[in-house]
Amino acid sequence: MSTIPTSRLGHQPRNGPPGDILLQVEDLKKYFPVHRGLFRRHVGDVRAVDGITFDVYRGETLGLVGESGSGKTTVGRTILRLYPPTAGRVLFEGIDLQTLSGKALRRARRRMQMIFQDPYASLNPRMTAGAIVAAPLIIHRVARGREVQERVAELLQLVGLNPGLANCYPHEFSSGQRQRIAIARALALSPEFVVCDEPIAALDVSIQAQVVNLLQSLQEQFALTYLFIAHDLSMVRHISDRVAVMYLGKIVELTDRDSLYTSPLHPYTQALLSAVPIPDPAIERNRERIILPGETPSPVHPPPGCGFHPRCPLADAPCFEAAPEYREVQPGHWVACHRVP
Amino acid sequence: MTNARQAGVAGSQVQPAAKRARQRRSAWRTLRRNPIAMAALVGFVLLILAVILAPLITPIPPNAHDYDHLLEPPTWAHPFGTDDLGRDILSRVLWGGRESLRVAVMAIAVAISGGTVVGLVSGYFGGWVDALIMRIVDVLLAFPSILLLLSIVAALGPNLGTVLIALGVSAIPGFSRLVRGSVLAAKNYEYVTAARVLGASDAYIMFTQILPNIMPPLIIYATVGLGNAILITAGLSYIGLGAQPPSPEWGAMLNAGRTHLRDAWWISVFPGLAIFLAVLFVNLLSDGLRDALDPKLRQ
């Protein structure tokens, strides 16, 4: 516990891109085919990720927010090549990950790791905490024998767990402790880039802050780059340097944290932010909420034109016709909307 | 558990959660509370011990002839009686158990290893690999297994080694099916994805991440199969396709005693009883294991 700062006063948020690009995602698409009938005819696709482009700068935390089903988890998994992309490229330090296979892919995997949402599902119930954290070391043969034990103890200590617990099974830990084990596993190979796929969504509120603080202190210690996927807007505001908002498989807005939360441009972002409660009764009472009509359309049959137009309060003729271009309206501020000047 | 509780550093409260991991420990507890299953387990262990310790229990070799004591009913000297060649039935039953049980256990071992590998590969890789393997399995399952057994034994010649191979191989499709089904469910667990992110090889994922988590149905199916294998081994020997005389294999003994059934019932009854008890114990044990390992059946 002592190794983890309880607040993040020492952290200076970086405004704007620091310049060094670690990861480039170019027009990435991931469609999941839908089969029906006796002959499993291909009748359509779930367009989970439908052409998204963004860069991740070294050392930053890029928040990725969106409703359930907006495709944010698929983005993370496709970047890590858990799914083959339907189209588009993912460049890690300029190398197209899609072209890698065998040994080169295994080497690349050491540099990119993932922390999963549910620490009950992501840890093998038949392995001890020590064995789980040791697995990456053994898989990549970076340590052997005594060394493994030492490194495991070191890693457990790093995430605030007693190394004496290495022989306990996952079910003997609390959810927060389990997520710490998952973090230790992800850090075992000293990666540079970590996809955090809703790492706190399954945790108690009281534990969430601890885990987020741990992630932040580890980021400072090891210069990690995070893609932080979440739907909790206030948590994303707390941890991210820049934030991308996804809707129906597309990024509708991407900018630095402060301008997103103070002056959102896309009507969807505006509606989303208006739903965040404010912990002040006076302001909260007069808070103006933008209620979107209807439901998120099905990603199997996305609406023509702009995907958001059926629910958009500003929708107009061009929105029904063509998908809006994803463009940089101010330096570092990207929006996909016809109605944004 | 207490260890974790005392030493809990962060998050401090330890949840007694995770059904699946708890399941294994409570499985043994459930089994122990089941008197029938425990009796079967004890009985089967005693049977195995008796068979292994045969030379210590009875000093008479199984094929020693004693022409002064032909077709003798049970006495103190020969508790199970003697056959028409003056051989001691008790020694023959015990020594014969070595043959019968060894063949059955080894055949199941062959079926488990073969079925596990085939099922893991089929379920894990999916696609055309799965389609091809499963069509072959379908064909083998559709084929009457006794016919398959008979043809393998007929082709390779009647002896216990052939029976072992035939039994083992003919049980592989069933095990493959079972393992494949479990793998289909297990390969989508998040910890399998986590292993892939770590860069683990397919073999590592199959054997260290998936296999340990699909053991319960495999164990149950193996015990059911063991009972069957004992019966079939004896059955094939009975019709002369397994152990050959003078082997004291149980099925062969049954057949040998057939002609004396009216005047010397003990020649057939004791090996028959041995088969009956072995299969009964195994089946009761497998019932108990199923109740213990399947949480849905637990009240």
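Computed from a predicted structure; not experimentally measured. (Residues numbered from 1 in each chain as written. Chains lettered and ligands numbered in written order. Predicted model: local features only at pLDDT ≥ 70, side-chain atom pairs only at ≥ 80, totals over all residues. Heavy atoms only, no water.)

Asker: Kindly report on the overall build of chain A, identifying the contributing residues and their values.
Answerer: Scanning chain A from N- to C-terminus turns up 11 helices and 12 strands. The C-alpha radius of gyration computed for chain A amounts to 21 Å, which stays within 12% of the reference 20 Å derived for 341 residues, consistent with globular compactness. The buried share of chain A, taken over its 341 residues, is 52%. Here the analysis covers contacts within chain A between residues at least 6 apart in sequence; of these, 66% occur between residues at least 24 apart. Computed over 37 positive and 33 negative side-chain charges, the inter-centroid distance for chain A is 8 Å. (Helix = DSSP H or I, 4+ residues; strand = E, 2+ residues; numbered from the N terminus. Rg over C-alpha atoms; globule rule 2.2 N^0.38 Å. Buried < 20%, exposed > 50% of the residue type's maximum accessible area, 1.4 Å probe, protein only. Contact = heavy atoms within 4.5 Å. Lys, Arg positive; Asp, Glu negative; His and termini not counted. Charge placed at Lys NZ, Arg CZ, Asp CG, Glu CD.)

Asker: Go over the environment of Glu 154 of chain A with me, naming the residues and quoting the values.
Answerer: Residues and elements named next belong to chain A. Position of Glu 154 relative to the elements: it lies in helix H4 (residues 146–158). Taking the relative accessible area as the measure of exposure, Glu 154 reaches 48% and is therefore partly exposed. C-alpha separation for the pair Glu 154 and Ala 188, spaced 34 residues apart in sequence, amounts to 9.6 Å.

Asker: So, the packing of helix H7 (residues 145–156) of chain B against helix H8 (residues 160–186) of chain B: which residues are in play, and what are the values?
Answerer: Residues and elements named next belong to chain B. Between H7 and H8, the least distance of the axes is 9 Å, while the angle of their chain directions is 145 degrees. Considering only the axes of H7 and H8, their crossing is right-handed. Contacts from Leu 148, Leu 149, Ile 152, Val 153 and Leu 156 of H7 reach H8 at Thr 162, Val 163, Ala 166, Leu 167 and Ser 170. A class-by-class count of the residues in the contact of H7 with H8 yields 8 nonpolar, 2 polar and no charged. (Axes fitted to C-alpha atoms, helices over the stretch in contact; angles between N-to-C directions. Left-handed = near helix turned anticlockwise from the far one by under 90°. Nonpolar A, V, L, I, M, F, W, Y, C, P; charged D, E, K, R; others polar.)

Asker: Explain the sheet that holds strand S3 (residues 61–65) of chain A residue by residue, including any values.
Answerer: All names here are of chain A. In spatial order, the strands read S6-S7-S8-S3-S9-S10-S12-S11; together these 8 strands make up an open sheet with mixed pairing. Since the sheet does not close on itself, it has two edges, and those belong to strand S6 (112–115) and strand S11 (326–330), each with one partner. Taking each pair of neighbouring strands and ignoring which way they run, the sheet shows an average axis angle of 20 degrees. Sheet strands in contact with helix H1 (residues 72–79) are S3, S6, strand S7 (193–197), strand S8 (225–230) and strand S9 (242–247), and its direction is about 150 degrees off that of S8. Here helix H9 (residues 267–274) sits on the sheet in contact with S9 and strand S10 (250–256), set at roughly 105 degrees to S9. (Pairing = 2+ DSSP bridges.)

Asker: Can you tell me about helix H10 (residues 202–210) of chain B, naming the residues and giving the values?
Answerer: For H10 of chain B, the full list of buried residues reads Tyr 204, Ile 205, Met 206, Gln 209 and Ile 210 of chain B. Where the residues of H10 of chain B are buried, they touch helix H3 (129–139) of chain A together with helix H5 (89–125), H8 and helix H9 (190–197) of chain B.

Asker: Could you give an account of the packing of aromatic side chains, with specific residues and numbers?
Answerer: Inspection of every chain in the model, using the stated rule, returns 11 aromatic pairs over all chains. A centroid spacing of 5.3 Å and a plane angle of 70 degrees characterise the contact between Tyr 268 of chain A and Phe 308 of chain A, whose relative ring orientation is edge-to-face. Placement of Tyr 268 of chain A in helix H9 and of Phe 308 of chain A in the loop between helix H10 (281–286) and helix H11 (317–321) is noted, with a sequence separation of 40 residues between them. The exposure class assigned to Tyr 268 of chain A is buried, which follows from its relative accessible area of 1%. Here the aromatic rings of Phe 80 of chain B and Phe 270 of chain B are separated by 4.0 Å at their centres, their planes lie at 5 degrees, and the arrangement is stacked. Taken together, the residues Phe 80 of chain B in the loop between helix H4 (54–57) and H5 and Phe 270 of chain B in helix H13 (residues 266–293) connect sequence positions 190 residues apart. Following the ring pairs from residue to residue traces out a cluster consisting of Phe 80, Trp 265, Trp 266 and Phe 270 of chain B. Over the ring of Trp 95 of chain B we find Arg 98 of chain B, and its NZ or CZ is 4.5 Å from the ring centre. (Phe/Tyr/Trp six-rings, centres within 6.5 Å; stacked < 30°, edge-to-face > 60°. Lys NZ or Arg CZ within 6 Å of the ring centre and 35° of its normal.)

Asker: Could you give an account of the environment of Pro 173 of chain B, with specific residues and numbers?
Answerer: All names here are of chain B. Mapping Pro 173 onto the fold places it in helix H8. Overall, the relative accessible area of 4% leaves Pro 173 in the buried class. In the structure, Pro 173 is positioned 62 residues away from Ala 111 in sequence and 8.3 Å away in space, judged by C-alpha atoms. The residues touching Pro 173, leaving out its near neighbours within four places in the chain, are Val 137, Leu 140 and Leu 141.

Asker: Tell me what's going on with the side chain of Glu 249 of chain B, and back it up with residues and numbers.
Answerer: Residues and elements named next belong to chain B. Note that Glu 249 resides in the loop between helix H11 (215–238) and helix H12 (250–257). Put simply, Glu 249 is tucked away with no salt bridge, and the nearest opposite charge, on Arg 92, sits 9.4 Å away. A polar atom in the side chain of Glu 249 sits 2.7 Å from the backbone nitrogen of Gly 251. If we skip the residues at most four places from it in the chain, Glu 249 touches Gly 96, Glu 99, Ser 100, Leu 160, Thr 233, Ala 234, Ser 237 and Ala 243. (Salt bridge = Lys/Arg side-chain N within 4 Å of Asp/Glu carboxyl O. Polar contact = N/O pair within 3.5 Å; in protein donor to acceptor, adjacent residues only side chain to side chain.)

Asker: If you had to explain the environment of Ile 251 of chain A to someone new, which residues and values would you point to?
Answerer: All names here are of chain A. Within the secondary structure layout, Ile 251 lies in strand S10. The class for Ile 251 is buried, based on a relative accessible area of 5%. For the pair Ile 251 and Asn 213, spaced 38 residues apart in the sequence, the C-alpha separation amounts to 27 Å. Every residue in contact with Ile 251, bar those within four places of it in the chain, is listed here: Ile 52, Thr 53, Phe 54, Ala 244, Val 245, Met 246, Tyr 326 and Ala 336.

Asker: Any details on the pattern of salt bridges? Residues and values, ideally.
Answerer: Residue and element names in this part refer to chain A. Applying the stated criterion across every chain yields a total of 21 salt bridges over all chains. The closest approach of N and O atoms between Arg 58 and Asp 20, which form a salt bridge, is 2.8 Å. Residue Arg 58 is located in the loop between strand S2 (41–57) and S3, and its partner Asp 20 is located in the segment before strand S1 (21–36); the two are separated by 38 residues in the primary sequence. Between Glu 192 and Arg 58 there is a salt bridge, and its shortest N-O distance comes to 3.7 Å. With Glu 192 in the loop between helix H5 (175–187) and S7 and Arg 58 in the loop between S2 and S3, the pair connects residues that are 134 residues apart, well separated along the chain. When its relative accessible area of 22% is taken as the criterion, Glu 192 is described as partly exposed. Through salt bridges with shared partners, a single network forms among Asp 20, Arg 58, Glu 93, Arg 111 and Glu 192.

Asker: Summarise the sheet that holds S1 of chain A; cite the residues concerned and give the values.
Answerer: Residue and element names in this part refer to chain A. Within the open sheet, the 4 strands sit side by side as S2-S1-S4-S5. Their pairing is antiparallel. The open sheet terminates on both sides in strands that have one partner only, identified here as S2 and strand S5 (95–96). In the sheet, S1 pairs with S2 via 13 bridges, with the strands oriented antiparallel. When the bridges of S2 are listed, Gln 24 appears paired with Asp 55.

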